[in-house]
Amino acid sequence: MASEAAPFAKTGGLGDVAAALARYLVRDGHDARLFLPLYGRIDRKGLVPVGFLRDVPVRMGDRTFTFSVWSGALPQGGPTMYFVECAPLFGRQEIYSQQGDEHLRFGMLSRAALESCQRMGFAPHVVHCNDWHTALIPLWLRTIYKWDRLFAETKTVLTLHNLAYQGGFPKSVIGDLSLRGFENLLHQDELRAGRVSFLTSGLLYADALTVVSPTHSREVQTAEYGFGLDGILRARGVTGILNGVDYDEWSPERDRHIAARYSPQDMSGKAACRRALLAEAQLAGDPQGPVFGVVSRLTSQKGLDLVPAALARLLASDDVRLVALGSGDQRVAQSFRDMERQFPGKVRFREGYDEPWAHRIEAGADAFLMPSRFEPCGLNQMYSLRYGTVPIVRNTGGLADSVTIYDPDTGHGTGIVFDSPDASALRWAAETAARLYRDRAVWRSIQLQGMAEDFSWTRQIQEYTALYRRLCERG
Ligand code: ADP
Ligand code: GLC
């Protein structure tokens, strides 16, 4: 279960991954069921109410909420989706809200999932939790649901997509979370500091912890990348499983959002996508140099604040373009707007969340910028590889695991990789891309090597099922 599942609710990679993981588990023969809140933004057309899951009461502290469940299907088939309806908590447009009841909202998602399993008589072998939103389940299975033999054999996996978000709340929410009397099971340092955190409880009680790339599994066990949780992670151990790519959604051969389709055998469509992107972005002509693309949440994680300084020289003196799409931090958004003004006809920034544009940038750009300070996995660099859009990435997390630096001596490599999280390293990388781009044969060979990479879920899913099997066999 997860707070996001594409295409119903998505702000970033979690939405893609939660949906794809469940879909490919079903294709692999498993009975996967995915629970998601029925957010106000989700269209109910096509959803069917589940008769015996109507107005089910859940007591949370002094209040009793009721939930109902609607079922639906993912567009490309796959798991049954269960949408948890609880208007006072989920009936708003936004996925994450600034109001004071986030603990109740995601507490409710998890409680509703367990209560639904009980009413369905469904005893999952594995409950797979994602991020802090559903990380209380392992603790609840050991406390308030311990009595229920239905879950006696159930194992829990917690996948950490992003340690920067921990779901920390003042300890006054303990009652709301039905954990009064179980304080001794909470993380004692946090409790002494007057806090409880969903994520920490998951780290303590999930049967297995995973992160979304092997490199990040090593990183999170260090103080630099551990967000204060490295000690627990070292003690418990964490497995890194690289995210997969849903090539049904993200392939230039099939993409329904792009101007022309293409493949490694016939790249002419990519040139058409480039022209279409520049026209749609109202950028000038047919530049000699590369078109750089960005599609991102704008947060300090992504390192995009380095872009203006890193690209200034190239934009001033070379025939290059930059097309960026993103929303979030207003300072970063403003710096992209400033670049638009400073380099008219060369830079376009589109603020907001726009799925078709994300596809058109992947297809139409020549190179893709991901200068992340940390990146648990990252999906866009893997999408870029498939679209023949050369990724420019920092050597961290899943970026390091999916992009190999182009080596001019051997001719091998799929992208440009740099080490330091600073503007001069990114400048080196972008200028290297612009230089390599001038040699069309070299550039084409980098593109084709990237397009030949395979990060499909059919491969990645085997690692998850092997983990599930190990847990279940352990008893
Ligand atoms: P993260 O989950 O940290 O945001 P990922 O690279 O794993 O990073 O996933 C980001 C996903 O969100 C990709 O599918 C990307 O295309 C999408 N995305 C991010 N920002 C936007 C946006 N402004 N408009 C459309 N899609 C976006
Ligand atoms: C997170 C991470 C990103 C990862 C995604 C899906 O949001 O920031 O690196 O790809 O989750 O696992």
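Reading the values: rules and limits
- Residues numbered from 1 in each chain as written.
- Chains lettered and ligands numbered in written order.
- Predicted model: local features only at pLDDT ≥ 70, side-chain atom pairs only at ≥ 80, totals over all residues.
- Heavy atoms only, no water.
- Domains from an automatic or database assignment.
- Contact = heavy atoms within 4.5 Å.
- Buried area = accessible area lost by both parts, 1.4 Å probe.
- Salt bridge = Lys/Arg side-chain N within 4 Å of Asp/Glu carboxyl O.
- Polar contact = N/O pair within 3.5 Å; in protein donor to acceptor, adjacent residues only side chain to side chain.
- Helix = DSSP H or I, 4+ residues; strand = E, 2+ residues; numbered from the N terminus.
- Nonpolar A, V, L, I, M, F, W, Y, C, P; charged D, E, K, R; others polar.
- Near = heavy atom within 4 Å.
- Areas by Shrake-Rupley, 256 points an atom, 1.4 Å probe, with all protein chains shown as cover.
- Buried < 20%, exposed > 50% of the residue type's maximum accessible area, 1.4 Å probe, protein only.
- Pairing = 2+ DSSP bridges.
- Expected span 1.5 Å × (residues − 1).
- Arc of directions from axis to C-beta.
- Patch = residues over 30% accessible without salt bridge, like charges linked within 9 Å, V, L, I, M, F, W, Y side chains within 5 Å.
- Lys, Arg positive; Asp, Glu negative; His and termini not counted.
- Charge placed at Lys NZ, Arg CZ, Asp CG, Glu CD.
- Axes fitted to C-alpha atoms, helices over the stretch in contact; angles between N-to-C directions.
- Phe/Tyr/Trp six-rings, centres within 6.5 Å; stacked < 30°, edge-to-face > 60°.
- Lys NZ or Arg CZ within 6 Å of the ring centre and 35° of its normal.

Time to look at the domain arrangement of the protein. Structurally, the protein comprises domain 1 (13-244 + 458-474) and domain 2 (268-454). Each of domain 1 and domain 2 has a C-alpha centre, and these two points are 34 Å apart. Tallying the contact residues gives 19 residues for domain 1 and 17 residues for domain 2. Approximately 1300 Å² of surface area, both sides summed, lies buried where domain 1 meets domain 2, with 55% of it carried by carbon and sulfur atoms. Put simply, domain 1 and domain 2 have 1 salt bridge between them. Between Arg 459 and Asp 454 there is a salt bridge, with the nearest N and O atoms lying 3.7 Å from each other. Linking domain 1 with domain 2 are 9 residue pairs in polar contact (both at pLDDT 80 or more), by the criterion used here. Of the residues forming the side of domain 1 that touches domain 2, the biggest block, 4 residues, is contributed by helix 7 (residues 214-219). Residue composition of the side of domain 1 that touches domain 2, by class: 8 nonpolar, 8 polar and 3 charged.

Close to ligand 1 lie 20 residues; Gly 13, Asp 16, Arg 297, Lys 302 and Gly 352 are nearest. Here a nitrogen atom of ligand 1 and a backbone polar atom of Asp 354 are 3.0 Å apart. Taken together, the elements giving at least two residues each to the shell around ligand 1 come down to helix 1 (13-27), strand 12 (291-298), strand 13 (321-328) and helix 13 (380-386). It is strand 12 that contributes the most residues to the shell around ligand 1, 3 residues altogether. Grouping the amino acids of the shell around ligand 1 by side-chain chemistry returns 6 nonpolar, 8 polar and 6 charged.

Take the site of ligand 2 next. Close to ligand 2 lie 13 residues; His 161, Asn 243, Gln 301, Glu 375 and Gly 378 are nearest. Between Asn 162 and ligand 2, the recorded distance is 3.3 Å, taken from a side-chain N or O atom to an oxygen atom. In the environment of ligand 2, an oxygen atom lies 3.5 Å from a nitrogen or oxygen atom belonging to the backbone of Pro 376. Coverage of ligand 2 by the protein amounts to 94% of the 310 Å² it exposes when considered alone. Sorting elements by how many residues they give to the shell around ligand 2 places helix 1 first, with 3 residues. In the shell around ligand 2, the residues fall into 5 nonpolar, 6 polar and 2 charged.

Glancing now at the pairing of strand 3 (residues 56-60). Judged by which residues are buried, strand 3 turns out to be one-sided: Val 56, Val 58 and Met 60 face inward and are buried, whereas Pro 57 and Arg 59, on the alternate face, are not. Direction of pairing for strand 3 relative to strand 4 (residues 63-73): antiparallel, over a ladder of 5 bridges. Residue Arg 59 lies in a different strand from strand 4, and its bridge partner there is Thr 64. Connecting strand 3 to the next strand, strand 4, in antiparallel fashion are 2 residues, including Gly 61 with a positive phi near 65 degrees.

As a further point, take helix 11 (residues 330-342). With 13 residues, helix 11 should reach 18 Å at 1.5 Å per residue; the first-to-last C-alpha distance of 18 Å fits that figure. Within helix 11, the full set of buried residues consists of Val 332, Ala 333, Ser 335, Phe 336, Met 339 and Glu 340. Around the axis of helix 11, the buried residues are gathered within 160 degrees of arc, so they sit on the same side. Counted as exposed and oriented over 90 degrees from the buried face of helix 11: Arg 331, Arg 341 and Gln 342.

A surface patch of like charges, here positive, comprises Arg 142, Lys 146, Arg 149, Arg 236 and Arg 474. Considering the arrangement of structural elements, one finds Lys 146 in the loop between helix 4 (137-142) and strand 7 (155-160). For Lys 146, a relative accessible area of 56% puts it in the exposed group.

This next bit is on the sheet that holds strand 17 (residues 416-418). Here we have 6 strands laid out as an open sheet, ordered 14-13-12-15-16-17, and parallel in their pairing. Looking at which strands have only one partner, the edges of the open sheet turn out to be strand 14 (347-351) and strand 17. With strand direction ignored, the average angle separating the axes of adjacent strands in the sheet is 15 degrees. Bridge count between strand 13 and strand 14: 5 bridges; the pairing is parallel. Considered in strand 14, the bridge of Val 323 is made with Arg 348. Each of strand 12, strand 13 and strand 14 is contacted by helix 11, which is oriented at about 145 degrees to strand 14, the strand it contacts most.

Within this structure, the stated rule accounts for 15 aromatic pairs. Where Phe 35 meets Tyr 82, the ring centres are 5.1 Å apart and the plane angle is 35 degrees; that geometry is what we call tilted. Here Phe 35, found in strand 1 (residues 33-37), pairs with Tyr 82, found in strand 5 (residues 80-85); they are 47 residues apart in sequence, far enough to count as distant. For the residue pair Phe 35 and Tyr 82, the accessibility class agrees, reading buried in each case. Ring plane angle 65 degrees and centroid distance 5.1 Å describe the contact between Phe 227 and Phe 374, whose orientation is recorded as edge-to-face. Of this pair, Phe 227 sits in the loop between helix 7 and helix 8 (230-236) while Phe 374 is found in the loop between strand 15 (367-370) and helix 13, placing the two residues 147 residues apart along the sequence. The class of Phe 227 is partly exposed, set by a relative accessible area of 36%. On the accessibility criterion, Phe 374 (10% relative accessible area) is buried. By way of ring pairs, the aromatic residues Tyr 96, Phe 106, Trp 132, Phe 169 and Phe 198 are connected into one cluster. Positioned above the aromatic ring of Tyr 24 is the side chain of Arg 27, whose terminal nitrogen or guanidinium carbon lies 4.6 Å from the ring centre. Positioned above the aromatic ring of Tyr 247, the side-chain terminus of Arg 386 is 3.8 Å from the ring centre.

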